[in-house]
Structure formats: structure tokens, C-alpha cells
Amino acid sequence: MTVSSDRFLRRTFWGNAAFSVISGAGLAAFAGPFARAATDAPVSVLGLDLALLFELLGVGVVAFGALCAWIASRPELPRGLARLIFAADLAWVAGSVLVLALPAAWTTAGIAGIVVLALIVADLAILEYLGLRKMSAAN
Amino acid sequence: MDKLQLLNNVKLPFAEVLGLKFTAASETRVMAEMVVRPELCTRPDILHGGAVMAFADTLGAAATVLNLPEGKGTTTIESKTNFVGPAPVGTTVIGETTPIHRGRRTMVWTTRITTAEGKLVAVVTQTQMVL
């Protein structure tokens, strides 16, 4: 019989939860200054200005972080939700590439912010992939 | 949490199919029992050899789990069974697992399976790898 350990994946989710809650709260709290620093000219997406978009995004990321914490705290790690978080992280990285390709007047600080966040999320996605693979291999 | 409670609370789907229930648990001794149901039997109505091995395998793995360092897993890499006597349908078999070797990389366990009356059914020796 095989008994696998989910400690690696569980720790990754705790890390993702902490990063998401802190960065999401920061983004929501300082949405205006971040929006001004990220672009040279006012940007609007689907009729929403960038500051409001950052605020909504920040709240969403905090909720995402809370979901990660909930998953990490379950006695038995829910595999389906774990895969969903992994897919969401991949989507964030892909979305970041698309955003950078948009014809918007991003400042250097804006580009750096998007790239750094995408790299951190990509690292988390890699750790989640390794954790999921470790659990699958042991079963 | 108490070790016996820990083993009985861990969800092991195949152990549930077998109807295995842990009755004693420590780092050096794990015991469990299982009723020989008709669906676990061969012809004639005695416990199927595969069910005997699965019963013992679960005990050996559970005993390993009680000895694992934090964050480690385990898998069976070798198992050998001596079938000694039959366990008729309707009886209860009792398994007792004790260690032969408890190392950092592998653990070797032997499981004696008897009927409730003490008649020997099988002896299983298995090796668990620490993951």
C-alpha cells in the first residue's frame, strides 16, 4: 500500500495564500497610486478606469488567497480545487503576457510590476505542479 | 491524537472495502481484524489469497506510517506470503504486525494472520520504502 505525503503542496498553498492576501490587500488599498504609477496616460478597460480595476482585482486576489488558505487547512487536501488553483496561477501568468501586449502606455514601473508579479506567480505554479505530481506519483 | 484513532480515521478506500478495522496501534505493533465476507472468498468459501495479502499489506503500511518522520510517505516495494491455513466465510481474521527492521529508507514488517480461535492463516513479510 502507498501512503503519500501532501506536506509540500500544503506548504505551497500556505505560501500562495500569504502572498495573495498581502499583495491583493496592497493592490486594493493603493489602487489609485499604483494606477497612476503604472501608466503614462489614463487607461480604461471595458469602461472601468485602471484604479477601479486594480481595486477589484485586489479584492479578487484576497479572496483567491483565502481559498488557498482554506484548501491548505483541509484535513484531506481537495485535489480538484488544488488543480483549479494551479490552473488559475497559469492563467494569471498568461494574462500578464497579454496585458503587456495591450496597446497601453505602461511606464517602466508598470511593466516591472506586472513582470515581477507574473514571475512570483509562475514560481508558485511550478511548486504546485511539483506538489501535485509528487502526490499523483505516490498513488 | 491517539495512534489507533489516527489509523481508524485515515480514509483508506480499499481497507473500507475489505471491512478492515484497526484494534491496536503502536510504533512496534499494529493489530486489525476483518470479517470474512462472502465477497472476499474464493471457491470453496474461504478467504481469497489476494484479500489475505491486501489485509496484511494495509497493516504493514499502517505500521510504517506510525514510524514515519514528519512529511514523509511510504510505498510497498516487496511482499511475500506463506498461506498456511484457510479462513472460512463468516469467521473473523486477526492480523498482528511487528517490525523486523525499521530504517530511514526502508522498513520490513511481518504480519501473522490468524482466525479468532488462533489458527494460523498466513504469514506475510513486506518491505516498505520511505518516500
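Residues numbered from 1 in each chain as written. Chains lettered and ligands numbered in written order. Predicted model: local features only at pLDDT ≥ 70, side-chain atom pairs only at ≥ 80, totals over all residues. Heavy atoms only, no water.

## Topic: the overall build of chain B
Here is step 1: Within chain B, the regular secondary structure consists of three helices and six strands.
Here is step 2: For chain B, the α and β elements follow one another from N to C terminus as α-α-β-β-α-β-β-β-β.
Here is step 3: The C-alpha atoms of chain B give 14 Å as radius of gyration, which agrees with the globular expectation for 131 residues (14 Å, within 12%).
Here is step 4: Taken over the C-alpha atoms alone, chain B extends approximately 45 × 30 × 25 Å along its principal axes.
Here is step 5: Burial status across chain B gives 43% buried among its 131 residues. (Helix = DSSP H or I, 4+ residues; strand = E, 2+ residues; numbered from the N terminus. Rg over C-alpha atoms; globule rule 2.2 N^0.38 Å. Buried < 20%, exposed > 50% of the residue type's maximum accessible area, 1.4 Å probe, protein only.)

## So, the confidence of the model for chain A
Here is step 1: When pLDDT is averaged along chain A, the result is 90; 98% of the residues meet or exceed 70.
Here is step 2: Per-element averaging of pLDDT across chain A places strand 1 (residues 44-45) of chain A at the bottom with 70 and helix 1 (residues 7-29) of chain A at the top with 96. (pLDDT = per-residue confidence, 0-100.)

## Some points on the interface of chain A and chain B
Here is step 1: Every contact between the two is made by eight residues of chain A and, on the other side, 15 residues of chain B.
Here is step 2: With both sides pooled, the region where chain A packs onto chain B buries about 840 Å², and carbon together with sulfur makes up 55% of that total.
Here is step 3: Its largest share of buried area at the contact with chain B, chain A owes to A:M1, A:V3 and A:R7, together 69% of the area lost on that side.
Here is step 4: At the surface where chain A touches chain B, the tally comes to zero salt bridges.
Here is step 5: Our count for the contact surface shared by chain A and chain B stands at five residue pairs in polar contact (both at pLDDT 80 or more).
Here is step 6: Along the lines of polarity and charge, the residues of the side of chain A that touches chain B split into three nonpolar, three polar and two charged. (Contact = heavy atoms within 4.5 Å. Buried area = accessible area lost by both parts, 1.4 Å probe. Salt bridge = Lys/Arg side-chain N within 4 Å of Asp/Glu carboxyl O. Polar contact = N/O pair within 3.5 Å; in protein donor to acceptor, adjacent residues only side chain to side chain. Nonpolar A, V, L, I, M, F, W, Y, C, P; charged D, E, K, R; others polar.)

## Things to note about a nonpolar patch on the surface
Residue and element names in this part refer to chain A.
Here is step 1: Together, F8, I126, L127, Y129 and L130 give the surface a local cluster of nonpolar side chains, amounting to about 420 Å² of exposed area.
Here is step 2: In terms of residue count, the dominant contributor to the nonpolar patch is helix 5 (residues 108-137) (four residues).
Here is step 3: Within the fold, L130 resides in helix 5.
Here is step 4: L130 sits in the partly exposed class, given a relative accessible area of 34%. (Patch = residues over 30% accessible without salt bridge, like charges linked within 9 Å, V, L, I, M, F, W, Y side chains within 5 Å. Areas by Shrake-Rupley, 256 points an atom, 1.4 Å probe, with all protein chains shown as cover.)

## Re the sheet that holds strand 4 (residues 92-102) of chain B
Residue and element names in this part refer to chain B.
Here is step 1: Sheet architecture is open: six strands sit in the order 1-2-4-5-6-3, paired in antiparallel fashion. The open sheet has two free edges, formed respectively by strand 1 (21-26) and strand 3 (74-83), since each of these has just one partner strand. The mean angle between the axes of side-by-side strands here comes to 20°, regardless of whether they run parallel or antiparallel.
Here is step 2: Most of the contacts of helix 3 (residues 49-65) go to strand 6 (residues 120-130), to which it runs at about 45°, and overall it touches strand 1, strand 2 (29-35), strand 3, strand 4, strand 5 (106-115) and strand 6. (Pairing = 2+ DSSP bridges. Axes fitted to C-alpha atoms, helices over the stretch in contact; angles between N-to-C directions.)

## Brief notes about helix 3 (residues 50-73) of chain A
Residues and elements named next belong to chain A.
Here is step 1: The end-to-end C-alpha distance of helix 3 is 34 Å, a good match for the 34 Å that 24 residues give at a rise of 1.5 Å each.
Here is step 2: All buried positions along helix 3 are accounted for by L50, F54, G58, V61, G65, C68, I71 and A72.
Here is step 3: Taken together, the buried residues of helix 3 touch helix 1, helix 2 (31-38), strand 2 (48-49) and helix 4 (79-101). (Expected span 1.5 Å × (residues − 1).)

## Observations regarding the side chain of B:T64
Residue and element names in this part refer to chain B.
Here is step 1: With respect to the helices and strands, T64 occurs in helix 3.
Here is step 2: What makes T64 buried here is its relative accessible area of 0%.
Here is step 3: Aside from chain neighbours lying at most four places away, what touches T64 is T74, M107, W109 and Q128.

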